[in-house]
Amino acid sequence: MGVRSLGYLRLETTDIEGWKVFGEDFAEIEKIAVQAREILESVRGAADVEFDALGKSPLLEIVPRRDAMSRYNLHAAEINRVVHTALAGEEVGKLIEGNRRFDIVVRLPQGQRATPADLQQVHVASARTDESGAPVMVPLREVADLVPATIPDQITRKNQTREILLSANVVG
């Protein structure tokens, strides 16, 4: 088994048809794995060069704006609780019907949580109060940015280090 150093990353040959790219920064090892795949695809006798389960899933990242949160005396935990309740729901009680028990869950209807624009309309109760003593309700768009992103479907680790496995069939 040979090991070749690539700075803080290393490429390890596990056998004639499998290679692992190791490192801490997933984006960097993915970039190196793509380059390695291109090289392997150009090698005579290498066929079906591929990554191990290197898919991506969409994600909506909610990034709190600390300056805006401080104006309303809001904490990230409160924003997280409101978003969690809106999307996943929160149990608020039980319904007992004979011997059966059902959770009562509150969440936004699908039509009010289907898009990022819908989520921006969700209101968070601030610690500030209006003249009647009721909490000031702040739209999420005023205290957080909603950023579309993608994340890897799977991150494989070996000895607490991220790795991507490349494989190829040998023909001829």
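1. A closer look at helix 1 (residues 26–41)
Taking 1.5 Å per residue as the helical rise, helix 1 with its 16 residues ought to reach 22 Å, and the 22 Å between its terminal C-alpha atoms agrees with that figure. Within helix 1 the residues assigned to the buried category are F26, I29, E30, I32, A33, A36 and L40. One side of helix 1 holds all its buried residues, which, seen down the axis, span an arc of 165°. Opposite the buried face of helix 1, by more than 90 degrees, sit the exposed residues A27 and I39. The residue sitting at the N-terminus of helix 1 and contributing the capping side-chain oxygen is D25; that oxygen lies 3.1 Å from the backbone nitrogen of A27.

2. Some remarks on the nonpolar core
Note that soluble globular proteins tend to have their nonpolar side chains buried in a common cluster. Counting residues in each nonpolar core, the largest one holds 16 residues, and the members touching the most others are L74, I79, L140 and V143. Sorting the residues of this core by element identifies helix 2 (66–71), helix 3 (76–87), helix 5 (140–143) and strand 10 (144–152) as the ones contributing at least two each. For this core, the leading source of residues is helix 3, giving four residues. Apart from the residues lying within four places of it in its own chain, the contact partners of L140 are I79, V83, L119, Q120, V122, V124 and L146. Residues I32, A33, V49 and F51 belong to the second largest nonpolar core, which totals 13 residues.

3. Some details on the side chain of R113
With respect to the secondary-structure elements, R113 resides in the loop between strand 7 (100–106) and helix 4 (116–120). For R113, which is buried and forms no salt bridge, the nearest opposite charge comes from D118, at a distance of 8.8 Å. When residues no more than four places from it in sequence are discounted, the contact partners of R113 are A86, L87, R107, L108, D118 and L119.

4. Here we look at the environment of A76
Positionally, A76 belongs in helix 3. As for A76 and V143, which are separated by 67 residues in sequence, their C-alpha atoms are 9.6 Å apart. When near neighbours in sequence (up to four residues on either side) are disregarded, A76 contacts P64, R66 and M69.

5. Structural notes on unusual backbone geometry
With a phi close to 55°, N73 is a non-glycine residue in the positive phi region. Tracing the sequence through the fold places N73 in the loop between helix 2 and helix 3. Look at N73 and you get partly exposed, because its relative accessible area is 43%.

6. Considerations on the pattern of salt bridges
Under the counting rule described, the total for this entry stands at six salt bridges. R81 is the partner of E78 in a salt bridge, and the nearest nitrogen-oxygen pair spans 2.9 Å. Highlighted residues: E78 and R81, both in helix 3, separated by three residues, approximately one helical turn. A relative accessible area of 23% means that E78 is categorised as partly exposed.

7. Focus on helix 3
The terminal C-alpha atoms of helix 3, which comprises 12 residues, lie 16 Å apart, in line with the 16 Å expected from a rise of 1.5 Å per residue. Buried within helix 3 are the following residues: I79, V82, V83, T85 and A86. The buried residues of helix 3 all sit within an arc of 160° when viewed along its axis, so they share a single face. Turned more than 90 degrees away from the buried face of helix 3 sit A77 and N80, all of them exposed.

8. Quick word on the environment of I79
Within the fold, I79 resides in helix 3. With a relative accessible area of 3%, I79 lands in the buried category. Considered as a pair, I79 and M69 are 10 residues apart in the sequence and their alpha carbons are 9.4 Å apart. Residues within four places of I79 in sequence aside, it is in contact with M69, L140 and V143.

Criteria and thresholds
- All residue numbers refer to positions counted from 1 along the written sequence of the respective chain.
- This being a predicted model, a pLDDT of at least 70 is required before a residue's local features are given, and a value of 80 or more before pairs of side-chain atoms are given or counted; all residues contribute to the totals for chains, interfaces and linings.
- For side-chain calculations, the full set of non-hydrogen atoms in the structure is used, while hydrogens and water are omitted.
- Going along the chain from the N terminus, every DSSP run of H or I of four or more residues is numbered as a helix, and every run of E of two or more is numbered as a strand.
- Helix span, expected: 1.5 Å multiplied by one less than the number of residues in the helix.
- Burial classes: relative accessible area under 20% of the type maximum marks a residue as buried, over 50% as exposed, and values in between as partly exposed (1.4 Å probe, protein chains only).
- Directions from the helix axis toward the C-beta atoms define the arc.
- N or O atoms within 3.5 Å of each other form a polar contact, as long as, within protein, one can give a hydrogen and the other can take it, and as long as residues adjacent in sequence are counted only when both atoms are side-chain atoms.
- What is meant by a nonpolar core is a set of buried Ala, Val, Leu, Ile, Met, Phe, Trp, Tyr and Cys residues, joined one to another through side-chain atoms within 4.5 Å.
- In what follows, residue pairs with any heavy atoms lying within 4.5 Å of each other are defined as contacts.
- Under the convention used here, Asp and Glu are negative, Lys and Arg are positive, and both His and the chain ends fall outside the count.
- We count a salt bridge whenever a side-chain nitrogen from Lys or Arg sits within 4 Å of a carboxyl oxygen from Asp or Glu.

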